[in-house]
Amino acid sequence: MGLNEKPVSTLHEKSSFDLADFDVPTGREEAWRFTPLSRLKGLHNGKAEPAGHVRVDVDAAPEVTVETVGRDDARLGTSFVPSDRVSAQAWNSFEKATVITVPREAVTSRPTVLTLTGEQAGGAAYGHIVVKVEPLAEAVLVLDHKGSAVYADNIEFVVGEGASLKVVSLQDWDDDAVHVSAHHAQLAKDAVFRSFVVTLGGDLVRLSPSVSYTAPGGDADMTGVYFVDAGQHLEHRLLVDHSQPNCKSNVDYRGALQGQDAHAVWIGDVIIRVEAEGTDTYELNRNLILTDGARADSVPNLEILTGEVAGAGHASASGRLDDEHIFYLQARGIPHDEARRLVVRGFLGQLVEKIEVAEIRERVLNALEAELSR
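Note that the structure is predicted; figures quoted are calculated from it, not measured.

Draft legend 1. Quick look at the overall build of the chain. From N to C terminus, the chain includes 4 helices and 18 strands. Scaling as 2.2 N^0.38, a compact globule of 374 residues should have a C-alpha radius of gyration of about 21 Å, and the chain matches this with 20 Å. The principal-axis extent of the C-alpha atoms belonging to the chain is close to 60 × 50 × 45 Å. Relative to its 374 residues, the chain shows a buried fraction of 56%. Of the contacts made within the chain by residues no fewer than 6 positions apart, 84% connect residues no fewer than 24 positions apart. Split by element, the accessible area of the chain, about 15,100 Å² in all, is 48% carbon and sulfur. Averaging the locations of the 35 positively and 57 negatively charged side chains of the chain gives two centres separated by 2 Å.

Draft legend 2. How the structure looks around helix α1 (residues 85-93). When you tally the buried positions in α1, you get 7 out of 9 residues, the bulk of the element. Structurally, α1 contributes buried residues whose contacts are with β6 (112-133), β7 (138-159) and β9 (178-187).

Draft legend 3. Here's a closer look at the nonpolar core. Ranked by size, the top nonpolar core spans 56 residues in total, and within it Leu141, Leu143, Phe157, Leu165, Phe193 and Val211 carry the most contacts. Among the elements that make up this core, the one with the highest residue count is β7 (8 residues). Judged by nonpolar contacts, the second largest core, of 28 residues, contains Leu321, Val357, Ile360 and Leu372.

Draft legend 4. Seen up close, the layout of surface pockets. Empty space within the second largest pocket amounts to approximately 470 Å³. Together, 23 residues line the second largest pocket, and His53, Val54, Glu95, Lys96 and Tyr126 are the ones closest to its centre. Contributions of two or more residues to the lining of the second largest pocket are made by β3 (53-59), β4 (65-70), β5 (96-102) and β6. The class makeup of the residues in the lining of the second largest pocket is 13 nonpolar, 7 polar and 3 charged.

Draft legend 5. Structural detail: the pattern of salt bridges. In the structure shown here, the tally under the stated rule is 25 salt bridges. Across the pair Arg39 and Asp203 runs a salt bridge, and its minimum N-O distance is 3.2 Å. Pair noted here: Arg39 is in the loop between β2 (14-15) and β3 and Asp203 is in the loop between β10 (192-199) and β11 (204-213), with a separation of 164 residues, a long-range link. Here Lys354 ties to Asp221 by a salt bridge, and the two come within 3.6 Å at their closest N and O atoms. Taken together, the residues Lys354 in the loop between α3 (336-352) and α4 (358-372) and Asp221 in strand β12 (residues 219-228) connect sequence positions 133 residues apart. By relative accessible area, which is 14% here, Asp221 ends up buried. Residues joined by salt bridges that share partners form a network here, namely Asp84, Arg206, Glu235 and Arg237.

The rules we used
Residues numbered from 1 in each chain as written. Predicted model: local features only at pLDDT ≥ 70, side-chain atom pairs only at ≥ 80, totals over all residues. Heavy atoms only, no water. Helix = DSSP H or I, 4+ residues; strand = E, 2+ residues; numbered from the N terminus. Rg over C-alpha atoms; globule rule 2.2 N^0.38 Å. Buried < 20%, exposed > 50% of the residue type's maximum accessible area, 1.4 Å probe, protein only. Contact = heavy atoms within 4.5 Å. Areas by Shrake-Rupley, 256 points an atom, 1.4 Å probe, with all protein chains shown as cover. Lys, Arg positive; Asp, Glu negative; His and termini not counted. Charge placed at Lys NZ, Arg CZ, Asp CG, Glu CD. Core = buried A, V, L, I, M, F, W, Y, C linked by side-chain atoms within 4.5 Å. 1 Å grid on protein atoms, 1.4 Å probe; cavity = no way out; pocket = protein on both sides within 12 Å on 5 of 7 lines; lining within 4 Å. Points joined across faces, edges and corners; volume = space filled by probe spheres on them. Nonpolar A, V, L, I, M, F, W, Y, C, P; charged D, E, K, R; others polar. Salt bridge = Lys/Arg side-chain N within 4 Å of Asp/Glu carboxyl O.

Just geometry here; none of it tells us what the structure is for.
Written as structure tokens, this is what we have:
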């Protein structure tokens, strides 16, 4: 498969399965200017030794089939084409893929949990996952990343006609981990996709969730929460590509940052193409900066190429913890540190409450408490 150039939207015009079609990033490119390339451990330039290992364990709902397949399986790579060099490197480097299928009209009785455990960060590891939800089926999926790794992967979510998929992706890596991942959701007619991303651990995490539509009526909701500590780089780059009429998308990502050189990056790209009349889309990113020395970059991009939209908007705000809020709580006898915790908990907790898997929701709330009491 060769190069495939889209004339619209210069940020996403290049996509290819061929690694040679992507130059090694220098950091001057728009797609890489926020990412500290020296900390990618060679994932971006081919110098990473493929000596690492990430173990994939699947605890599947009984209605679901799980297969481990080779690179030649025809179901791989049907819903996306890599759009950056690390994604193409992962596509060309993985050995085995995991394919999860939810059969037609099945409603899963419990979440399917994939635990990805990094067993060493000495060398790189590559992965590929396909989640295929057949028409009118409903499923909940948890991706739980932990341990120590240098890991690049692609995940395909293929949501069939009238089907529903809810995904929680938790990046709870050890402090030395590097993770670069692309999540690709493809929505058929009247499909519903709910994504919840929680990024807490790792030295450098760069996650690129994207949504595309193959027919009208698709509905995507993408929510994210991240907490960035001293020295961490946590980057989320979203793309919603509206190319079909009467589809919806909603994006709400929120983060808190504390400590020297804590760095959050959020890029939100929404394209509404000429044929996508009746699109309803909104995207929001908010960052709460808790200490000096932390930095949040937030760039929403909305490109509208049709005059007939139902709604389109974006907002981005990054600011310090509001002294008035703290003062208000202190005036009611709440100590400063506890007041700070309450404000941050309220800010992020609004979104965390949307996680429907109770044990994951509790784990995230507990992890945020631990971050706040550092």
